[in-house]
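Geometric and topological summary
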Amino acid sequence: MPPRNHFRPVRTSMALFGALAILTGASMARVEAGTPVPGGTLIYLEQQAHTNLYPPAGGFYPNGGVLNQITDKLTYQNPKTLKIEPWIAESWTVNPNKTEYTFKIRKGVTFSDGTPLDAPAVAKNFDTYGLGNKDLHLPVSEVINNYDHSEVVDPTTVKFYFKKPSPGFLQGTSVIGSGLVSPATLSRKFDELGDATAIIGSGPFVVTKAVLGKEITFAARKDYAWGPANLDHQGPALLDGIKLIITPEDGVRIGALLAGQADVIRQVQAYDEKQVEDQKYLVFAPSTRGVNNSVVFRPDNPLVGDLRVRQALLHATNAPEIVQTLYSPNYPQATSIIAATAAGYVNQAAKLTFDLDQAKALLDAAGWQPGADGLRWKDGKALILTAYESQPQPQNKAMLQLIAQQWSKVGVKLNVLAGDSGSRAADDLDPLKTPVSPAMVGRADPDVIKSQYYPANRDILRQKGGQSQKVQTFVDDKLNRLLEGIASETDEAKRLAIAGEVQAYVIDQAYAIPIFEEPQAFAAAPYVKGLAFEAVGRPSFYGVWLARH
Amino acid sequence: MTRYLIERIGQAVIVLWAAFTVTFILLHVLPGDAILIKFQNPDLGLGPQQIAEIRASYGVDRPLWLQYGHAIGSFLSGDFGYSIQAGVPVSESIRANLPPTLWLTGLGSLLAAVIAMIIAFAASLSPFAWLRALVRSAPALFVSIPTFWLGIALIQIFSFRLRLLPVIGAEGWRGLILPVTTLAIPISAPLAQILVRAIDDVATRPFVAVARAKGATHAWVLWRHVFRNALPPALTVAGVLFGELLGGALITETVFGLNGIGRLTQDAVNNQDAAVLQAVAVLSAVGFVVVNLGVDLLHPLLDPRLARKERVLS
Amino acid sequence: MTVADPIETRRDLSPDRPAWLRLPRFARIPTSLALAWLIIAIAAAWSLAPDLFTAYSGTAGLALQHRLPPGGVHWLGTDELGRDVLARIIFGSVHTLSGAFVAVGVGLVAGTLLGLIAGSAGRLADDIIMRMVDVLLAVPALLLSLSIIILLGFGTINAAIAVGVSSVASFARLARSEVARVRTADYVEAAFGSGGSVLAVLWRHVLPNALTPVMALAALQFGSAILSISTLGFLGYGAQPPMPEWGLMIAEGRRYIATAWWMSIFPGVAVVIVVLATNRISLSLRGRPD
């Protein structure tokens with residue numbers, strides 16, 4: 001790949017939006033014409049405070065946004081090609097059945113506390129991520145499957161052994177959840193890792209000050225010399241530092257950016273894109289390449305235990321209307337449970353049609369008869385479902401309300417709750433209380449499907465023996481077998497075939513109604529140059545510089 | 001007087017204890033708990049087993065009365081406990097959040113007093129009847145505006161449209177102007193009312209006429225007597241305003257994205273961070289008790305009629 | 001307590017707290033009062049028969065006609081889901097007004113009862129009740145309201161109950177001091193003297209006399225209850241979507257303030273006008289405090 005491309009904003013849907021492409025292209029031309037100016041502090045507005053900075057918890061975007069600046073990974077996933085490239089690991093070898101991985105570690109890399117990032121440190125990192133640490137309550141990383149143990153061959157060589165084939169591991173070493181941290185950090189308890197200053201990484205920035213829930217100050221490491229080898233920019237970061245300020249109010253973030261009080265913001269809502277672009281500011285909407293923003297069912301709840309009811313609701317959902325009303329071309333309508341840019345994607349659009357007559361027929365067949373109040377009734381019960389709003393997802397409350405409006409046309413009521421965190425956390429485990437739930441997760445590997453659906457991982461459907469003890473009976477062995485296959489099939493073609501099979505199966509079972517492919521939407525002032533994003537849309541400020549303005 | 005003081009302090013201690021206990025009970029009957037809220041997040045990847053272990057490590061799986069005893073014991077020894085959501089000691093959370101709130105509420109009350117005075121004197125001294133009438137209706141309007149709505153409007157107009165004052169990354173006083181104004185406007189209304197009434201009362205008294213006859217200017221007479229008249233009722237509302245300040249601070253901090261005790265409280269309620277709330281409840285109860293005690297002790301000094309009555313009664 | 005009493009009494013009797021809304025002399029002419037009643041009448045009519053005032057639905061809209069500016073078809077514009085803003089304000093009045101009624105009702109009934117008991121049932125009861133009231137005042141009102149709402153579940157009526165509970169203390173203090181004042185009045189002493197039972201005297205003489213200022217406070221609380229409920233709605237603890245409660249409308253509309261100001265400005269104006277009107281009416285109920 002031409003190295004410059006890395007600096008181009010990753011707009012998955014640019015092709016659809018020619019005019020904007022020209023606009024963005026024009027400003028990019030200026031970027032390339034200018035010479036990077038070092039110095040300055042970037043003001044970055046984040047929507048939510050981080051929760052915990054144990055690297056495997058980095059999947060949560062606010063966590064990942066912090067971790068991505070302060071940690072390096074063994075490998076670098078090129079966001080353009082999704083190929084795995086060297087970073088802290090200079091090279092690697094994998095045995096044919098993908099149970100042994102050997103990495104050669106780059107020399108001279110240090111954590112910001114001065115300890116060397118060598119083979120023993122890497123081994124300790126992955127032992128912790130792969131096996132967890134019971135005493136310190138450190139959980140197993142969801143991106144590492146079938147991990148057995150590590151072996152330090154010599155100070156620059158580390159080897160990992162797996163109980164069963166683990167084909168996703170190489171990509172797994174490049175993700176945010178595999179950020180390398182100092183052994184000192186890993187000897188802390190899980191709940192101490194909420195303090196950003198406790199996270200000692202080897203990345204281009206170091207956290208110098210953290211005001212809880214309010215702001216984090218980063219300073220560039222002047223001795224940083226081990227960025228991903230294929231990047232255009234090398235050496236220390238160009239910025240002096242970053243100031244990350246938690247700004248939950250959407251209107252304040254966008255207003256502050258446009259009024260010149262901030263340089264980059266995360267979570268630009270679709271309705272604000274126009275005013276950003278009208279002022280020649282830039283919208284970046286890198287795809288999360290993972291599980292699409294969807295509505296999923298908890299079939300353990302008898303109301304949605306019947307396949308016909310789930311199918312009826314799938315066909316009663318008008319995804320194009322949702323996308324048109326609430327979102328923008330940066331939010332393409334979903335055509336499967338994973339994004340079209342995700343590995344292993346198979347188009348399921350033919351099964352995702354909006355068809356009110358079919359929906360009504362399915363409900364009739366399932367025995368739900370229209371009552372006098374406009375709702376569907378069966379055995380003295382009305383078809384009333386409940387979902388909690390998911391705050392991190394863009395305009396989720398509005399989306400669920402619109403779905404409720406659409407479902408009401410076939411006599412189904414959907415209550416949308418904001419709820420307090422306590423009720424939400426408790427009710428979310430109980431399929432009887434939350435038969436419907438919004439869901440999404442980003443990762444550029446088919447393993448992401450397993451992460452989302454497998455009972456031992458996120459268990460989004462709530463199966464018996466999974467995350468919740470409230471589940472009575474629901475288990476789908478066929479689904480689980482397929483998911484295990486994705487995590488352990490060594491033949492890449494076969495693995496992608498299984499991923500395709502899972503997509504078809506989940507839609508056939510109507511476990512999920514995919515709505516749109518979720519981007520991570522950022523906006524930046526026109527003088528912010530070199531903003532880059534990792535493969536699933538977390539910002540990297542490593543190569544950023546501020547042009548004179 | 002000593003006996004009175006001892007009685008009042010005894011009452012205060014009971015109030016503090018009860019506030020602590022009420023908060024404790026309230027938090028423990030809420031659905032879910034802090035551990036679940038913090039750790040039942042799919043991105044963290046913890047299973048039910050691990051969550052149960054964390055729960056045990058915080059000691060929140062023990063019987064309630066044991067937890068209560070432990071909480072009150074460590075509170076008395078100055079240990080406010082540990083914030084589960086933030087993962088830091090509560091004292092640290094409070095230390096980080098109390099100063100901004102004190103600044104906000106302190107400056108807010110000050111500005112409220114200034115606005116009230118301006119209204120009161122404009123309402124009495126303005127040469128035009130229509131202006132006097134207009135100014136007099138301002139307090140009624142001020143208390144009818146929702147604080148959050150006012151804050152949003154001020155940000156949009158002064159920060160984003162006119163770009164006069166930053167709301168993000170503002171250092172020092174420039175960042176405080178809009179939030180302090182937002183907080184002060186509703187608070188100024190009752191104070192303005194009191195002052196207006198005091199001016200009305202004073203203006204009709206014979207001694208004003210006498211003073212003026214002796215050559216004093218109108219404004220000077222007003223200043224001197226109005227304050228003497230307005231201070232007792234102003235003190236009376238101080239206790240009530242203290243509560244309004246806390247509530248107003250929460251809204252202001254939310255709208256402006258400031259950190260402070262108000263937002264800490266809201267987050268802690270939402271996350272059921274019991275230790276933090278316990279500390280906040282006791283802190284504000286202390287504030288309430290001190291303000292009211294102060295008001296009660298000052299009252300007789302400022303209002304001779306009351307002092308006389310008191311002597312008769314005791 | 002004997003020493004503290006007159007001070008507390010003085011504080012409670014002080015007309016200042018409720019009277020902050022006293023309107024200036026010029027407004028005391030009936031026009032403003034008539035206007036206030038007219039506004040309340042309109043709001044009440046909206047609550048009782050919203051369908052008479054708008055052809056649109058308060059909860060469902062045409063999704064593709066979203067965020068239309070005010071105009072001939074949608075007088076106050078539409079929101080992000082294509083719902084008519086005016087229709088939502090009209091349909092929302094019932095939630096706002098009934099919420100305020102519930103809040104005032106809870107405070108009035110519970111507070112007055114507590115105050116009556118405290119003022120007439122002897123030292124011990126008085127001490128216990130008044131310390132309880134102190135605790136209610138000392139725990140931050142918002143902490144109390146939010147906890148109550150989480151306990152009861154989110155919703156306008158639950159938010160209203162929470163607001164009501166936080167106002168119990170004011171009612172209790174006022175009622176108690178009024179009872180204490182009335183009790184010592186000659187005619188009440190006389191009623192006791194002529195052998196009336198405590199309850200009968202309370203019912204026939206004390207309560208009616210103590211009630212006047214309490215009712216004035218209730219009228220005043222009505223306006224502030226509307227504000228408090230909309231504040232809770234704004235924080236997300238009140239009405240749940242798609243219910244068109246005014247505070248919630250402002251809260252949802254504020255995200256669009258830069259591009260669709262009508263979504264949050266008009267419900268805000270509705271709140272201000274109705275609160276102004278109820279305050280004006282409460283003033284007239286009080287009469288001249290001094």
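No experiment lies behind these values; they were computed from the predicted model shown. (Residues numbered from 1 in each chain as written. Chains lettered and ligands numbered in written order. Predicted model: local features only at pLDDT ≥ 70, side-chain atom pairs only at ≥ 80, totals over all residues. Heavy atoms only, no water.)

1. Let's talk about the overall build of chain C
Per the secondary structure count, chain C includes eleven helices and zero strands. In chain C, the order of α-helices and β-strands from amino to carboxyl end is α-α-α-α-α-α-α-α-α-α-α. Across the 290 residues of chain C, 58% fall into the buried class. (Helix = DSSP H or I, 4+ residues; strand = E, 2+ residues; numbered from the N terminus. Buried < 20%, exposed > 50% of the residue type's maximum accessible area, 1.4 Å probe, protein only.)

2. Side note on the overall build of chain B
When its secondary structure is counted, chain B shows 14 helices and two strands. For chain B, the residues scored as buried account for 54% of the 314 residues in total. In chain B, the proportion of contacts linking residues at least 24 apart, taken out of those at least 6 apart, comes to 71%. Total accessible area computed for chain B in this model is approximately 13,800 Å², and 69% of it derives from carbon and sulfur atoms. (Contact = heavy atoms within 4.5 Å. Areas by Shrake-Rupley, 256 points an atom, 1.4 Å probe, with all protein chains shown as cover.)

3. Thoughts on the sheet that holds strand 15 (residues 376–378) of chain A
All names here are of chain A. Pairing within the open sheet is antiparallel, and its three strands lie in the order 14-15-16. Two strands close off the open sheet at either side, each with one partner strand: strand 14 (369–370) and strand 16 (381–382). As judged from the two bridges shared by strand 14 and strand 15, these two strands associate in the antiparallel manner. Considered in strand 15, the bridge of glutamine 369 is made with tryptophan 377. (Pairing = 2+ DSSP bridges.)

4. Notes on the sheet that holds strand 21 (residues 522–524) of chain A
All names here are of chain A. Read across the sheet, seven strands follow the order 8-9-10-1-11-21-12 without closing on themselves; strand pairing throughout is mixed. Each end of this open sheet is capped by a strand with a single partner; those strands are strand 8 (205–211) and strand 12 (282–284). When strand polarity is set aside, the average angle formed by the axes of neighbouring strands in this sheet is 20°. Here strand 11 (residues 264–266) runs beside strand 21; their pairing, made up of three bridges, is antiparallel. Paired with arginine 266 across the bridge in strand 21 is phenylalanine 522. (Axes fitted to C-alpha atoms, helices over the stretch in contact; angles between N-to-C directions.)

5. Comments concerning the environment of valine 269 of chain B
Within the secondary structure, valine 269 of chain B sits in helix 12 (residues 261–271). Looking at valine 269 of chain B, the relative accessible area reads 0%, which means it is buried. In this structure the C-alpha to C-alpha distance between valine 269 of chain B and aspartate 33 of chain B, which are 236 residues apart in sequence, comes to 11 Å. Other than its neighbours up to four places away in sequence, valine 269 of chain B contacts Leu277 of chain B together with Leu143, Leu146, Ser147 and Ile150 of chain C.

6. Let's talk about the pairing of strand 10 (residues 241–246) of chain A
Residue and element names in this part refer to chain A. For strand 10, the buried fraction is high: six of the six residues fall into the buried class. Alternating positions in strand 10 separate into two faces, Gly241, Lys243 and Ile245 on one and Ile242, Leu244 and Ile246 on the other, with burial throughout. Note that strand 1 (residues 41–46) and strand 10 share six bridges and pair parallel. Paired with glutamate 46 across the bridge in strand 10 is isoleucine 246. Where strand 9 (residues 215–220) lies against strand 10, five bridges are found, and the strand directions are antiparallel. Looking at the pairing, phenylalanine 218 lines up with isoleucine 242 of strand 10.

7. Notes on the interface of chain A and chain B
Chain A puts 46 residues into the contact, and the matching count from chain B is 44 residues. Both faces combined, the contact of chain A with chain B buries some 3,500 Å², and carbon together with sulfur accounts for 56% of it. If you sort the residues of chain A by the area they bury against chain B, His137, Asp191 and Gln261 of chain A come out on top, with a joint share of 17%. There are nine residue pairs in polar contact (both at pLDDT 80 or more) connecting chain A and chain B. Mapped by element, the contributors of at least two residues to the side of chain A that touches chain B are strand 1, strand 10, helix 6 (250–258) and helix 12 (421–428) of chain A. The residue inventory of the side of chain A that touches chain B, partitioned by class, reads 20 nonpolar, 17 polar and nine charged. (Buried area = accessible area lost by both parts, 1.4 Å probe. Polar contact = N/O pair within 3.5 Å; in protein donor to acceptor, adjacent residues only side chain to side chain. Nonpolar A, V, L, I, M, F, W, Y, C, P; charged D, E, K, R; others polar.)

8. As for the pairing of strand 13 (residues 291–297) of chain A
If a strand is regular, its side chains alternate between the two faces of the sheet. Residue and element names in this part refer to chain A. Among the seven residues that make up strand 13, seven are buried, leaving the element largely enclosed by the rest of the structure. Bridge count for strand 13 against strand 19 (residues 436–441) is five bridges, and the pairing is antiparallel. If you follow phenylalanine 297 over to strand 19, its bridge partner there is valine 436. Bridge analysis of strand 13 against strand 20 (residues 512–516) gives four bridges, and the strand direction is antiparallel. For asparagine 293, the partnering residue across the bridge sits in strand 20 and is phenylalanine 516.

9. Structural notes on the side chain of threonine 156 of chain C
Residue position: threonine 156 of chain C is located in helix 7 (residues 156–183). Setting aside residues up to four positions removed in sequence, threonine 156 of chain C forms contacts with His95, Ile229, Gly238, Ala239, Met243 and Glu245 of chain C.

10. Quick word on helix 11 (residues 396–407) of chain A
It helps to recall that an α-helix has 3.6 residues per turn; residues three or four apart then point in one direction. Residues and elements named next belong to chain A. For helix 11, spanning twelve residues, the distance from its first C-alpha to its last is 16 Å, which sits close to the expected 16 Å at 1.5 Å a residue. For helix 11, the buried fraction is high: twelve of the twelve residues fall into the buried class. What helix 11 keeps buried is the set Asn396, Lys397, Ala398, Met399, Leu400, Gln401, Leu402, Ile403, Ala404, Gln405, Gln406 and Trp407. (Expected span 1.5 Å × (residues − 1).)

11. Some details on the domain arrangement of chain B
Residues and elements named next belong to chain B. The assigned domain composition of chain B is domain 1 (16–76) and domain 2 (101–313). Opposite the 13 residues of domain 1 that make contact, domain 2 presents twelve residues. Interface of domain 1 and domain 2: buried area, both sides summed, is about 1,100 Å²; carbon and sulfur atoms make up 74% of it. Interface area lost by domain 1 to domain 2 is led by Leu16, Leu27 and Ile37, which between them contribute 44%. (Domains from an automatic or database assignment.)

12. So, a nonpolar patch on the surface
A cluster of nonpolar side chains, namely Ile25 and Val29 of chain B together with Leu151 and Leu152 of chain C, defines an oily patch on the protein surface of about 340 Å² accessible area. Mapped onto the nonpolar patch, the elements with two or more residues apiece are helix 1 (2–29) of chain B together with helix 6 (141–152) of chain C. Within the fold, leucine 152 of chain C resides in helix 6. (Patch = residues over 30% accessible without salt bridge, like charges linked within 9 Å, V, L, I, M, F, W, Y side chains within 5 Å. Salt bridge = Lys/Arg side-chain N within 4 Å of Asp/Glu carboxyl O.)

13. Considerations on the confidence of the model for chain B
The predicted coordinates ought not to be read in detail in places where the model reports low pLDDT. Residues and elements named next belong to chain B. In this model, chain B carries a mean pLDDT of 82, and residues with pLDDT of at least 70 account for 90%. Within chain B, helix 8 (residues 147–161) carries the highest mean pLDDT (91), whereas helix 14 (residues 304–313) carries the lowest (50). This stretch, residues 310–314, has a pLDDT under 50; its non-local contacts, to residues over four places away or in other chains, come to five contacts. (pLDDT = per-residue confidence, 0-100.)

14. What about the pattern of salt bridges?
All names here are of chain A. Inspection of every chain in the model, using the stated rule, returns 28 salt bridges over all chains. A salt bridge links glutamate 100 to lysine 159; its shortest N-O distance comes to 3.3 Å. Pair noted here: glutamate 100 is in strand 5 (residues 100–105) and lysine 159 is in strand 7 (residues 157–162), with a separation of 59 residues, a long-range link. Of the residues examined, glutamate 100 reaches a relative accessible area of 27% and is grouped as partly exposed. Residue glutamate 492 pairs with arginine 495 through a salt bridge whose shortest N-O separation is 3.4 Å. Within this pair, glutamate 492 and its partner arginine 495 are both found in helix 15 (residues 492–508), separated by three residues, close to a single helical turn. Under the relative-accessibility criterion, arginine 495 is labelled buried at 1%.

15. A few points about the packing of aromatic side chains
Given two aromatic rings, their pairing is described by the distance between the two centres and the angle made by the two planes. Residues and elements named next belong to chain A. For the coordinates displayed, the defined rule picks out 39 aromatic pairs over all chains. Ring geometry for tyrosine 147 versus phenylalanine 162: centroids 5.6 Å apart, planes at 90°, classification edge-to-face. Of this pair, tyrosine 147 sits in strand 6 (residues 147–154) while phenylalanine 162 sits in strand 7, and the two are 15 residues apart along the sequence. Overall, the relative accessible area of 2% leaves tyrosine 147 in the buried class. (Phe/Tyr/Trp six-rings, centres within 6.5 Å; stacked < 30°, edge-to-face > 60°.)

16. A look at the nonpolar core
In summary, soluble globular proteins display a tendency toward joint burial of nonpolar side chains. Trp407 and Tyr453 of chain A are the most contacted members of the largest nonpolar core, which has 307 residues in total. Broken down by element, the residue count for this core peaks at 15 residues, all from helix 9 (residues 173–204) of chain B. Taken domain by domain, this core gets at least three of its residues from each of domain 1 (16–76) and domain 2 (101–313) of chain B. In terms of nonpolar packing, the next biggest core, distinct from the first, is built from ten residues, Val188, Ala191, Val201 and Val206 of chain C among them. (Core = buried A, V, L, I, M, F, W, Y, C linked by side-chain atoms within 4.5 Å.)

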